[in-house]
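Commentary on secondary and tertiary structure
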Amino acid sequence: MAEINTPEEKSLNFLEEIIEEDLKSGKYTSIATRFPPEPNGFLHIGHASSICLNFGLTKKYPGYTNLRFDDTNPETEKTDYVESIKADIQWLGFEWKNELYASDYFDQMYQFAVTLIQKGLAYVDDSTSEEIRAMKGTHTEPGKDSPYRTRSIEENLDLFTRMKNGEFPDGSRTLRAKIDMTHTNMLMRDPILYRIKREHHHRTGDKWCIYPMYDMAHGQSDSIEQITHSICTLEFVPHRELYDWLIDKLGIYPSHQYEFARRNINYTVTSKRKLLQLVEDKFVTGWDDPRMPTISGLRRAGYTPESIREFCDRIGIAKRENMIDVSLLEFCVREHLNKIALRRMVVFDPLKVVITNYPADGTVEMVRSEDNPEDPNTTYREIPFTRELYIEREDFMENPPKKFFRLAPGQMVRLKSAYIIQCDEVIKDSNGNITEIRCSYLPESKSGGDSSGIHVKGTLHWVSVAQAISVELRLYDRLFRVEDPTSEEGDFKDYINPNSLQVISTAFAEPALKNIRFSDRCQFLRKGYFCLDKDTSEDKMVFNRTVTLKDTWAKEQKKGR
RNA sequence: UGCCCAAUAGUAUAAUGGUAGUACAACUGAUUUUGGUUCAGUUAGUCUUGGUUCGAAUCCAGGUUGGGCAACCA
């Protein structure tokens with residue numbers, strides 16, 4: 001990526017400030033961060049923000065970022081998810097230093113637990129989960145000590161070993177930290193460190209029947225990897241006290257946890273649980289459905305890594321609750337696509353136009369049009385122009401309102417890269433439906449050599465009937481009809497946008513579209529940005545709409561109504 | 001009636017005791033062979049009450065509002 005070396009005027013976010021201070025004071029000479037996904041779902045746009053943050057920090061400052069799968073709950077975790085997560089991070093354009101797993105450290109974590117027992121800081125509790133909950137107290141009442149809290153170190157050591165050896169049934173015993181049952185921070189009221197769970201682990205198989213809890217695993221993994229800045233979301237703030245307590249009592253490398261606010265985006269949801277529901281209940285076709293806010297969904301929709309990185313960069317990071325306008329994401333992708341997309345003409349809803357003064361002998365005239373007017377070195381493609389064309393049905397009105405710059409009886413428009421035409425006659429069927437428009441063209445108005453002296457306000461996209469190829473279009477819109485489906489009454493699924501997908505099975509495209517590859521991005525003139533979908537087959541090309549073009553005319557019409 | 005975190009235009013984010021700025025959105029206008037792009041402009045903000053100070057978005061105190069915390073989830 002060619003970064004322009006302008007003087008750094010952009011202000012630092014609060015983490016960059018902390019890091020610069022740490023570097024300046026000599027606390028660290030380089031930093032280490034990690035991205036710690038749990039492999040139990042697909043990555044979404046919120047994760048992209050965290051990825052850009054963690055990897056971005058070590059791109060900006062000396063250091064590196066590890067990818068560490070937080071796989072301490074074998075019940076929900078799968079290798080499939082590991083693969084999709086890796087692919088998504090790479091697609092976003094980031095490289096991790098080491099690919100690691102919390103499960104790599106199970107032996108060390110077990111030793112840490114033993115150490116705590118030996119120091120009299122952990123004990124085996126025989127209480128049921130109901131009993132533990134009951135003794136935990138509430139926000140306003142202190143908890144009560146478990147009757148097993150005073151067991152001897154020897155007994156705890158023996159019991160914990162036997163827990164590991166599989167001598168006790170699932171859920172019958174836990175290892176708990178011995179802290180303070182009256183602590184104002186509920187997490188410090190003797191948190192559970194280890195539980196018995198006979199579950200096949202995606203990496204360690206059946207080696208273990210006890211697994212560490214998040215608090216016993218995360219900070220310890222950070223410490224083992226000597227992570228300097230462990231960045232997580234705000235809901236982990238109360239965990240920091242326990243994070244620090246464990247590192248302190250264990251006397252291991254002091255990683256530090258910092259928290260930022262997770263990013264929320266309107267008109268969508270970003271909770272793995274809800275996303276999973278949308279997939280399972282078939283509201284979408286899969287995790288990579290282009291309407292999903294997952295990285296794979298955005299990728300399939302045609303978003304570019306550059307545009308997502310730009311978006312994450314623009315929204316920044318902070319510690320306050322937020323709801324980001326999805327229009328910023330759309331702005332970022334339009335901004336990038338405008339620079340790189342190949343211009344093509346596709347008619348979504350055809351209306352036949354016959355140029356009555358054009359030769360009726362089957363003449364095919366090739367006109368030239370730029371692939372991208374934004375590119376000073378643009379290439380060109382040839383488009384066949386003939387007597388019979390299709391234009392967009394919405395581009396013609398028999399009784400147009402004021403400011404309608406398109407085709408209407410007696411009105412003139414330019415056909416992009418071709419000629420100016422004038423509408424002479426409207427042909428209707430017996431039901432009064434318009435079936436054809438008869439026009440005349442101005443031969444001297446050809447693009448590139450226009451000597452007609454006539455200026456028209458409207459330019460239309462078009463395709464030649466005989467040479468048109470038919471393609472399928474999938475027009476995606478936002479998944480929800482309300483900004484925040486989670487805060488509405490009832491189930492969030494009640495607020496799904498019923499028109500989030502419109503399929504046009506036969507649209508008419510200029511022949512050059514045939515040569516489009518999967519890596520290409522297109523702008524269908526006046527319609528939006530599109531990319532080839534994986535459902536494309538030998539007989540039919542399928543295109544997904546990434547985003548529409550800004551449409552001030554549509555806005556104008558809405559105001560009128 | 002606990003503990004923790006936060007509060008700046010509609011949205012997001014700067015200003016780190018000294019001119020409240022930027023981007024998106026919205027709205028005007030100019031340019032345009034895409035009603036796109038580009039360009040120019042407009043609207044719009046420090047939660048509240050006190051205090052410290054020559055001076056407060058910033059520091060302090062009280063209040064208000066929003067969020068998190070009582071899974072053998074992460």
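Just so it is clear, the model here is predicted, and its values are computed rather than measured. (Residues numbered from 1 in each chain as written. Chains lettered and ligands numbered in written order. Predicted model: local features only at pLDDT ≥ 70, side-chain atom pairs only at ≥ 80, totals over all residues. Heavy atoms only, no water.)

This paragraph deals with the UniProt feature "binding site: L-glutamine" (unreviewed entry) in chain A. According to UniProt, the positions carrying the feature "binding site: L-glutamine" (unreviewed entry) are D70 and Y214. In summary, the annotated positions, though distributed over 145 residues, converge in three dimensions, the widest C-alpha pair being only 8.3 Å. In the annotated group above, the largest cavity draws its lining from Y214. Its location among the elements puts D70 in the loop between β2 (63-69) and α3 (79-92). Beyond its immediate sequence surroundings of up to four residues, D70 is in contact with P36, P37, E38, P39, E77, A102, Y214 and H218. Among the structural elements, Y214 can be located in helix α7 (residues 214-224). Given a relative accessible area of 25%, Y214 falls into the partly exposed group. Excluding anything up to four places from it in sequence, Y214 contacts D70, F236 and H239. (UniProt positions renumbered as here; feature names shortened; annotations may be inferred. 1 Å grid on protein atoms, 1.4 Å probe; cavity = no way out; pocket = protein on both sides within 12 Å on 5 of 7 lines; lining within 4 Å. Helix = DSSP H or I, 4+ residues; strand = E, 2+ residues; numbered from the N terminus. Contact = heavy atoms within 4.5 Å. Buried < 20%, exposed > 50% of the residue type's maximum accessible area, 1.4 Å probe, protein only.)

Here we take up the pattern of salt bridges. Per the counting criterion, the structure on display carries 45 salt bridges. In this structure, the salt-bridge partner of E99 is K86, at a minimum N-O distance of 3.1 Å. One end of the pair, E99, is in strand β3 (residues 99-101); the other, K86, is in helix α3, and 13 residues separate them in sequence. Between R406 and D395 there is a salt bridge; the shortest N-O distance is 2.9 Å. (Salt bridge = Lys/Arg side-chain N within 4 Å of Asp/Glu carboxyl O.)

All told, the structure shown has 21 aromatic pairs when counted by the stated rule. Between the aromatic rings of Y110 and F160, the centroid separation amounts to 5.0 Å while the plane-to-plane angle is 15 degrees, which identifies the pairing as stacked. Here Y110 is found in helix α4 (residues 106-118), whereas its partner F160 is found in helix α6 (residues 153-164), with 50 residues between them in sequence. One exposure class covers both Y110 and F160, and it is buried. With a centroid separation of 5.4 Å and an interplanar angle of 70 degrees, the aromatic rings of F524 and F543 are classed as edge-to-face. Of this pair, F524 sits in strand β23 (residues 522-524) while F543 sits in strand β25 (residues 542-548); the two residues are 19 residues apart in sequence, bridging distant segments of the chain. On the accessibility criterion, F524 (0% relative accessible area) is buried. An aromatic cluster of three or more residues is present, and its members are F106, Y110, F160, Y194, W208 and Y211. When the ring centre of W91 is taken as origin, the NZ or CZ atom of R299, which lies over that ring, is 5.3 Å away. (Phe/Tyr/Trp six-rings, centres within 6.5 Å; stacked < 30°, edge-to-face > 60°. Lys NZ or Arg CZ within 6 Å of the ring centre and 35° of its normal.)

Turning to helix α12 (residues 326-340), a few remarks are in order. Each α-helix turn comprises 3.6 residues. Residues three or four places apart therefore point the same way. Here α12 is 15 residues long and its end C-alpha atoms lie 22 Å apart, about the 21 Å a rise of 1.5 Å per residue gives. Considered for burial, the residues of α12 that qualify are V326, L329, E330, C332, V333, R334, H336 and L337. Of the surrounding secondary structure, the elements contacted by the buried residues of α12 are α10 (295-301), α11 (305-315), β10 (342-344), β24 (528-532) and β25. (Expected span 1.5 Å × (residues − 1).)

Turning next to unusual backbone geometry. A positive phi angle, near 60 degrees, is found at K282, a position not held by glycine. Following the sequence through the fold, K282 ends up in the loop between α9 (272-280) and α10. K282 sits in the exposed class, given a relative accessible area of 69%. Phi at S417 is positive, roughly 65 degrees, even though this residue is not glycine. Structurally, the position occupied by S417 is in the loop between β16 (412-415) and β17 (420-428). Since its relative accessible area comes to 10%, S417 is described here as buried.

Taken in spatial order, the three strands line up as β1-β2-β3 in an open sheet, and their pairing is parallel. The sheet is open, and its two borders are formed by β1 (31-35) and β3, each paired with just one other strand. Neighbour to neighbour, the strand axes of the sheet diverge by 35 degrees on average, direction disregarded. For β1 and β2, the ladder comprises five bridges, and the chain directions are parallel. Counterpart to A32 in the pairing with β2 is Y64. Sheet strands in contact with helix α2 (residues 45-60) are β1 and β2, and its direction is about 160 degrees off that of β1. (Pairing = 2+ DSSP bridges. Axes fitted to C-alpha atoms, helices over the stretch in contact; angles between N-to-C directions.)

Reading fine detail from the predicted coordinates is not recommended where pLDDT is low. Residue-level pLDDT values for chain A average 95, and 98% of them are 70 or greater. Below pLDDT 50 for its whole length, residues 1-8 participates in two contacts with residues either more than four positions away or in separate chains. Two summary scores accompany this predicted model of the complex, namely pTM at 0.95 and ipTM at 0.96. (pLDDT = per-residue confidence, 0-100.)

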